[in-house]
Amino acid sequence: MMRARVPLLLLGILFLASLSASFATSLREEEESQDNPFYFNSDNSWNTLFKNQYGHIRVLQRFDQQSKRLQNLEDYRLVEFRSKPETLLLPQQADAELLLVVRSGRAILVLVEPDDRREYFFHNGDNPIFSDHQKIPAGTIFYWVNLDPKEDLRIIQLAMPVTNLQIHEFFLSSTEAQQSYLQEFSKHIPEASFNSKFEEINRVLFAEEGQQEGVIVNIDSEQIEELSKHAKSSSRKSLSKQDNTIGNEFGNLTERTDNSLNVLISSMEMKEGALFVPHYYSKAIVILVVNEGEAHVELVGPKGNKETLEFESYRAELSKDDVFVIPAAYPVAIKATSNVNFTGFGINANNNNRNLLAGKTDNVISSIGRALDGKDVLGLTFSGSGEEVMKLINKQSGSYFVDGHHHQQEQQKGSHQQEQQKGRKGAFVY
């Protein structure tokens, strides 16, 4: 009896050892996949909801599924829309509040209310830093038209679901791609609602003959002209009265806040070689989307997903349609490796401050020197004296955007010393 139990015991031990090894391997794979939990590569992070010859609709994977560090973004999703010239997105409603920003092109956005509708011109403008935006309340039926005869329309949406963590788009139309949601009711309900026989209802609303190919369709210029007669400039009533704009010859940044949604909208462009100096946001979690161009980004945060005094740098090479998340209080620096422009959404934006760690203005480090009559505080904070620290800070005459190539040779000479400092606690190495 004992002899029979020994092989079974050995098999059990081998099974547990195999299971433990498999579990350890899966943990290592998960850790490797989370080397940079803040970076969403455009090649594998966008899921296509719909696509045809006229355009597509894509949604970014859920932030909280990428990493536990992004759990505060579980109630937010990014949706990207693109359509060819002279096309229409068919009427729909969504179970989410939507904040739309035009990335390129011109459109007419139509918001439908009971017995009424409102049309707005909606465009990128001559300069991407002044992109139009619009808020669409949850459940509002809307549609839009790309009215440009030559340029594609590109829109990025910040969606805030009100039902659950998924976004559902309800289309009235029955097309080759999907059924109208009205078709899901039992026959007696539309018959009583429309006071008509189901055969007539089906012929007028749902018949396969005359169905569109999908939810993005072609529209003729005469229809566009008719819509244009009633459209007005996009509404910004819910947004801050004045844009917060900063800039110089190296770059520009414009920010607007929707206080009702507690969301910041930003547009930023940088010239090749420009550096947005190290800075951080006090409260807002910023979702940065690359519209055009390329950039190198470095974010400094806690090492690993735990409470610690050790920090490390999270780096990424960004290109078109990539997404990068900047958590509140995490220092970040961005260098343009080509002419580049971004759209950004800041979550938890009310009473948020942007604090610079270098540059002539809005520099929080230099403010330490003024506190408590306090160059001694700076001297205690850094290895040099307070006077030396202030002298170092004042060497940079620029603010926000500076020449990223400045002193590049000296930086290369000192690269060995920088590599040695990477392991220091709290060190920010750029």
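Residues numbered from 1 in each chain as written. Predicted model: local features only at pLDDT ≥ 70, side-chain atom pairs only at ≥ 80, totals over all residues. Heavy atoms only, no water.

- An unreviewed UniProt entry annotates the chain as Alpha-phaseolin of Phaseolus vulgaris.
- As its UniProt record puts it under Sequence similarities (unreviewed entry), the chain is described as follows: "Belongs to the 7S seed storage protein family." (UniProt positions renumbered as here; feature names shortened; annotations may be inferred.)

1. Looking at the sheet that holds strand E4 (residues 77-83)
No. 1: Spatial ordering of the open sheet is given by E2-E3-E4-E11-E6-E9, a layout of six strands whose pairing is antiparallel. Two strands close off the open sheet at either side, each with one partner strand: strand E2 (46-52) and strand E9 (133-136). Across the sheet, the mean angle separating the axes of adjacent strands is 20° when strand polarity is ignored.
No. 2: Taken together, the seven bridges between E4 and strand E11 (residues 153-161) define a ladder with antiparallel strand orientation. Looking at the pairing, Arg82 lines up with Arg154 of E11. (Pairing = 2+ DSSP bridges. Helix = DSSP H or I, 4+ residues; strand = E, 2+ residues; numbered from the N terminus. Axes fitted to C-alpha atoms, helices over the stretch in contact; angles between N-to-C directions.)

2. Here we look at the pairing of strand E20 (residues 295-302)
No. 1: With eight of eight residues buried, E20 lies mostly within the body of the structure.
No. 2: Where E20 and strand E21 (residues 311-318) come together, eight bridges link them in antiparallel fashion. In the sheet register, Val300 faces E21, and the bridge partner there is Ser313. (Buried < 20%, exposed > 50% of the residue type's maximum accessible area, 1.4 Å probe, protein only.)

3. So, the packing of aromatic side chains
No. 1: Under the defined criterion, the tally for this structure stands at eight aromatic pairs.
No. 2: Between Phe276 and Phe401, the aromatic rings sit 4.8 Å apart at their centres with planes inclined by 40°, giving tilted as the arrangement. Highlighted residues: Phe276 in strand E18 (residues 274-281) and Phe401 in strand E26 (residues 401-403), separated in sequence by 125 residues. Considered together, Phe276 and Phe401 belong to a single accessibility category, that of buried residues.
No. 3: Each member of the aromatic cluster is reached from another via a ring pair, and the members are Phe38, Tyr314 and Tyr330. (Phe/Tyr/Trp six-rings, centres within 6.5 Å; stacked < 30°, edge-to-face > 60°.)

4. Looking at the sheet that holds strand E19 (residues 285-292)
No. 1: Taken in spatial order, the seven strands make up an open sheet running E1-E22-E19-E24-E17-E16-E15, and their pairing is antiparallel. One side of each edge strand has no neighbouring strand; the edge strands of this open sheet are strand E1 (39-40) and strand E15 (244-247).

5. Side note on the pairing of strand E6 (residues 96-104)
No. 1: Here E6 lies mainly inside the structure; eight of its nine residues are buried.
No. 2: Here eight bridges tie E6 to E11, and the two strands are oriented antiparallel to one another. Each bridged residue has a counterpart across the sheet, and for Leu99 the counterpart in E11 is Leu158.
No. 3: Of the strand pairs in this sheet, E6 and E9 are connected by four bridges, and their pairing is antiparallel. Its bridge partner being in E9, Leu98 is matched across the sheet by Ile136.

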